[in-house]
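These are the residues of each chain, in order.
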Amino acid sequence: MIEVPVLVPPSEWPALGKFIFQSNRTADGRVRCLHGDQGDDERSHVAELAGLPAGEAAFWRAADLCGETLGVIGCEIERSQRRAWIRGPWAVPGPSSASLEAALLNTLERALPEIKRLDAFPSEDDETLVALYRGAGYRRMEVHRVMQAALGDARTATADARIRPARMDDLQHWLPLHHGLFPGSYLSDDDIAAAIRDGPRLVLSAWFDGRPVGYVVAKDDATMDELYVDYLGVDPRARGRGLGRALLLHAIHWGEGRGRRRAALTVRQDRAEALSLYLQCGFKQARAGVHWCKEWTDVAASPPAAS
Ligand SMILES: CC(C)(COP(=O)(O)OP(=O)(O)OC[C@H]1O[C@@H](n2cnc3c(N)ncnc32)[C@H](O)[C@@H]1OP(=O)(O)O)[C@@H](O)C(=O)NCCC(=O)NCCS
C-alpha cells in the first residue's frame, strides 16, 4: 500500500539523491528527466540537493507503510516569475508506477496554486513521461539538445578587444535582444543585473560599431564541475563577424581558468546557427529533451490548493 505523497523538508532533500539518481537512469544509461539530472553519480546529486536554497525548490515523496521510497517529484521555483521547473516524477518500476507518477504530478500542481507556469523536460524518448505530460494537459514545445564539451584542450580564446565584462549600462542595449531571443528566460533582468554587480555568474558584452550588440551569461557550477552557458546572443545586424564565437570562447576560457573539466549548455533544436557554432567549438550532444509546458492565465484558474 502507498501512502499519499508528502512534502519533504529541505534538511531531508540530500537523502533523496540516491533514489533520484538511480530512478533517473534507464538500464542502458539514458537520462529520463533532464531537469532531474545533476551529474554523473549519486554524490553529485546529493551535493546539488544539499545546496538548493530552501525557498527555491520543493520535493514530495511517496513511501510504502515501511517507509521505503516508492516515488519522488520535485521542482525548482522562481516565485517572482510564478514559474516552476519540474524534476521527475519517478516511481519504482512496477505495474502501478505510471499511476503513482501521475499522482505525484497532481500533488505538485495542487500544492503550488501561486505558480502560473510549469515547465518539464523529459527525455525525447521517454514514452512514460511524455505520455504523462501529454495526458495531464501540458503543451509540447520544442526539442532541446544538451551539449557538452571537454575543457582543457587548445580551444582557448585569443584576446579580442570587442569582448568586455558587461557593465550595468550595457543592459539597455542588449536586454531587448535577450527578451526577443529568449522570451521564457529563467534568469530575470534582476538576476542578470545582480550577476553583473556581484557575480558569481560571468556576464560579457560584445561591442560593434561603438555599442554593445551581444552578450553571454555563464555560470561556474562547482557541483557539476562544469561551466554552464546560460545565454548567448548577438544582434542580427552584427552577426557573422565572429562575435558569437568570441563570446563563447571567452566564457569557456573563464571556466578553464576556474579549473572546470567541461562546458555544457542547452540549445533549441531549431537554432541552426548556434548548433553549428557549438559543434565547431567541440560540443557534442549528450542528450535531448522535449519541453512540455502548462500555464494558467490567472491565479483563480490555477489548480485548487491541496487541503
Ligand atoms: C548563435 C549566434 C550567437 C552566433 O553569433 P555570430 O556572431 O553570428 O557568430 P559568429 O560570426 O562568431 O559565427 C560563428 C559560427 O556560428 C555559425 N553560424 C553563424 N552564422 C551562421 C549562419 N547564418 N548559418 C549557419 N551557421 C552560422 C557558424 O558555425 C560560424 O562559424 P563559421 O563562420 O566558421 O562558419 C547568433 O546567431 C545568435 O544570436 N543566434 C540567436 C540566439 C541563439 O541561438 N543563441 C544560442 C542559444 S543557446
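Look above for the structure.
Residues numbered from 1 in each chain as written. Predicted model: local features only at pLDDT ≥ 70, side-chain atom pairs only at ≥ 80, totals over all residues. Heavy atoms only, no water.

*Asks:* Would you mind showing me how to read the side chain of D170 here?
*Replies:* Tracing the sequence through the fold places D170 in the loop between β7 (163-165) and α5 (171-181). Salt bridges are absent for the buried D170, whose nearest opposite-charge side chain, R167, sits at 4.4 Å. The residues touching D170, leaving out its near neighbours within four places in the chain, are P165, S205, W207 and P212. (Helix = DSSP H or I, 4+ residues; strand = E, 2+ residues; numbered from the N terminus. Buried < 20%, exposed > 50% of the residue type's maximum accessible area, 1.4 Å probe, protein only. Lys, Arg positive; Asp, Glu negative; His and termini not counted. Salt bridge = Lys/Arg side-chain N within 4 Å of Asp/Glu carboxyl O. Contact = heavy atoms within 4.5 Å.)

*Asks:* Which parts of the structure should I look at to understand the sheet that holds strand β6 (residues 139-150)?
*Replies:* Strands sit in the order β1-β2-β3-β4-β5-β12-β6-β11-β10-β9-β8-β7 across an open sheet of twelve strands; the sheet is mixed. With one partner strand each, in any of the chains shown, β1 (6-7) and β7 form the two edges of the open sheet. Looking at chain direction, strand β9 (residues 211-221) and strand β10 (residues 226-234) are connected through eight bridges and run antiparallel. Across the sheet, residue Y215 finds its bridge partner in β10, namely G233. Here helix α8 (residues 272-280) sits on the sheet and contacts β6, β10 and β11 (262-268); the angle it forms with β11, its principal contact strand, is near 160°. (Pairing = 2+ DSSP bridges. Axes fitted to C-alpha atoms, helices over the stretch in contact; angles between N-to-C directions.)

*Asks:* Explain the packing of α5 against helix α6 (residues 189-198) here, please?
*Replies:* A pair of packed helices is captured by two measures, namely the crossing angle of their axes and the spacing between those axes. Interhelical geometry of α5 versus α6 gives an angle of 140° and a closest axis separation of 12 Å. Between α5 and α6, the angle is such that the two are oblique. You can see that α5 and α6 cross each other, and the crossing is right-handed. Each of L171, W174, L175, H178 and H179 in α5 lies in contact with α6, whose residues at this interface are D189, I192, A193 and I196. Partitioned by chemical class, the residues of the contact of α5 with α6 number six nonpolar, two polar and one charged. (Parallel < 35°, antiparallel > 145°, perpendicular 65-115°, else oblique. Left-handed = near helix turned anticlockwise from the far one by under 90°. Nonpolar A, V, L, I, M, F, W, Y, C, P; charged D, E, K, R; others polar.)

*Asks:* Would you explain the pattern of salt bridges in this entry?
*Replies:* Opposite charge on two side chains allows them to pair when their charged atoms are near. The full count for this structure, using the stated rule, is 28 salt bridges. A salt bridge links D40 to R261; the nearest nitrogen and oxygen atoms lie 3.4 Å apart. Linking D40 in the loop between α1 (17-23) and α2 (42-51) with R261 in the loop between α7 (243-257) and β11, this pair joins segments that are 221 residues apart in sequence. By relative accessible area, which is 43% here, D40 ends up partly exposed. Here D41 ties to R43 by a salt bridge, and the two come within 4.0 Å at their closest N and O atoms.

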